[in-house]
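Fold and contact review
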Amino acid sequence: MKMKKVIVLGASLNSNRYSNMAIKKLKKNNFDVYALGISAGEVEGVKLFSEFKKIDDVYAVTIYLNPFNQRQFYDYILDLNPEKVIFNPGAENRELELILVENEVEFELACSLVLLSLNSF
């Protein structure tokens, strides 16, 4: 079975950040994880990239950025054509939600870590 691809948007190298914890937990749950953040680096074998990267067949984008910092990624998210977008706590963004609805992309206001713990991701 093919692993589902997940993009962590707002990824951090800091192990105390929720995006970092999500990378680890997604990997542990057998997702194919891609991480986009400010700094390039690596978290448990997952390379963080700092520029837009074309990725096909994306299952989900999980967002760890505040609404203001999300704006530069609107077109990128739409170009990825994910099955769903998850707005983690603090990342809720009505403007982007409306854009996703317009483009028929599902979204969820939820914590990825909780969803993974409940096997609901």
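Our subject in this report is the structure included herewith.

With respect to the helices and strands, the residue lysine 25 is situated in helix α1 (residues 18-28). Distance from lysine 25 to alanine 40, taken between C-alpha atoms, is 20 Å for residues 15 residues apart in sequence. The residues touching lysine 25, leaving out its near neighbours within four places in the chain, are Leu113, Leu116 and Ser117.

Time to look at the side chain of serine 19. Mapped onto the elements, serine 19 comes out in helix α1. Residue classification places serine 19 among the buried residues on the basis of a relative accessible area of 3%. A distance of 3.2 Å separates a polar side-chain atom of serine 19 from the backbone oxygen of glycine 10. With residues near it in sequence (within four places) discarded, serine 19 still touches Val8, Gly10, Ala11, Ser12 and Tyr64.

Considering all chains together, one arrives at 5 salt bridges under this definition. A salt bridge links glutamate 95 to arginine 71; its shortest N-O distance comes to 3.4 Å. Taken as a pair, glutamate 95 in helix α4 (residues 94-102) and arginine 71 in the loop between α2 (67-70) and α3 (74-80) lie far apart in primary sequence, 24 residues in all. Using a relative accessible area of 40% as the deciding quantity, one classes glutamate 95 as partly exposed. As a salt-bridge pair, glutamate 97 and arginine 94 come within 2.9 Å of each other at their nearest N and O atoms. Of the two residues, glutamate 97 and arginine 94 both sit in helix α4, 3 residues apart, roughly one turn of that helix.

Here we come to the packing of aromatic side chains. The description of an aromatic ring pair uses the distance of the two centres, along with the angle that the planes make with each other. As enumerated under the stated definition, the model contains 6 aromatic pairs in all. Where phenylalanine 87 meets phenylalanine 107, the ring centres are 5.9 Å apart and the plane angle is 80 degrees; that geometry is what we call edge-to-face. Here phenylalanine 107 lies in strand β7 (residues 106-109) and phenylalanine 87 lies in strand β6 (residues 84-87), a separation of 20 residues in the sequence. When its relative accessible area of 28% is taken as the criterion, phenylalanine 107 is described as partly exposed.

Turning our attention to the sheet that holds β6. A sheet is described by the order of its strands in space; here 7 strands give the open sequence β3-β4-β2-β1-β5-β6-β7, paired in mixed fashion. If you trace the sheet from one side to the other, it starts and ends with β3 (41-43) and β7, each paired once. Averaged over all pairs of adjacent strands, the angle between their axes in this sheet comes to 25 degrees, without regard to strand direction. For strand β2 (residues 32-37) and strand β4 (residues 46-49), the ladder comprises 2 bridges, and the chain directions are parallel. By the bridge assignment for β4, leucine 36 is matched with phenylalanine 49. Across the face of the sheet, α1 comes into contact with β1 (5-11), β2, β3, β4 and β5 (58-63) while running at roughly 165 degrees to β1.

Turning to the layout of surface pockets, a few remarks are in order. Each pocket or cavity is described by its volume, and for the largest pocket that value is around 520 Å³. Along the walls of the largest pocket sit 27 residues, with Gly10, Ala11, Arg17, Tyr64 and Leu65 positioned nearest its centre. Mapped by element, the contributors of at least two residues to the lining of the largest pocket are β1, α1 and β2. Tallied by class, residues from the lining of the largest pocket come to 14 nonpolar, 11 polar and 2 charged.

Parameters and conventions
Residues numbered from 1 in each chain as written. Predicted model: local features only at pLDDT ≥ 70, side-chain atom pairs only at ≥ 80, totals over all residues. Heavy atoms only, no water. Helix = DSSP H or I, 4+ residues; strand = E, 2+ residues; numbered from the N terminus. Contact = heavy atoms within 4.5 Å. Buried < 20%, exposed > 50% of the residue type's maximum accessible area, 1.4 Å probe, protein only. Polar contact = N/O pair within 3.5 Å; in protein donor to acceptor, adjacent residues only side chain to side chain. Salt bridge = Lys/Arg side-chain N within 4 Å of Asp/Glu carboxyl O. Phe/Tyr/Trp six-rings, centres within 6.5 Å; stacked < 30°, edge-to-face > 60°. Pairing = 2+ DSSP bridges. Axes fitted to C-alpha atoms, helices over the stretch in contact; angles between N-to-C directions. 1 Å grid on protein atoms, 1.4 Å probe; cavity = no way out; pocket = protein on both sides within 12 Å on 5 of 7 lines; lining within 4 Å. Points joined across faces, edges and corners; volume = space filled by probe spheres on them. Nonpolar A, V, L, I, M, F, W, Y, C, P; charged D, E, K, R; others polar.

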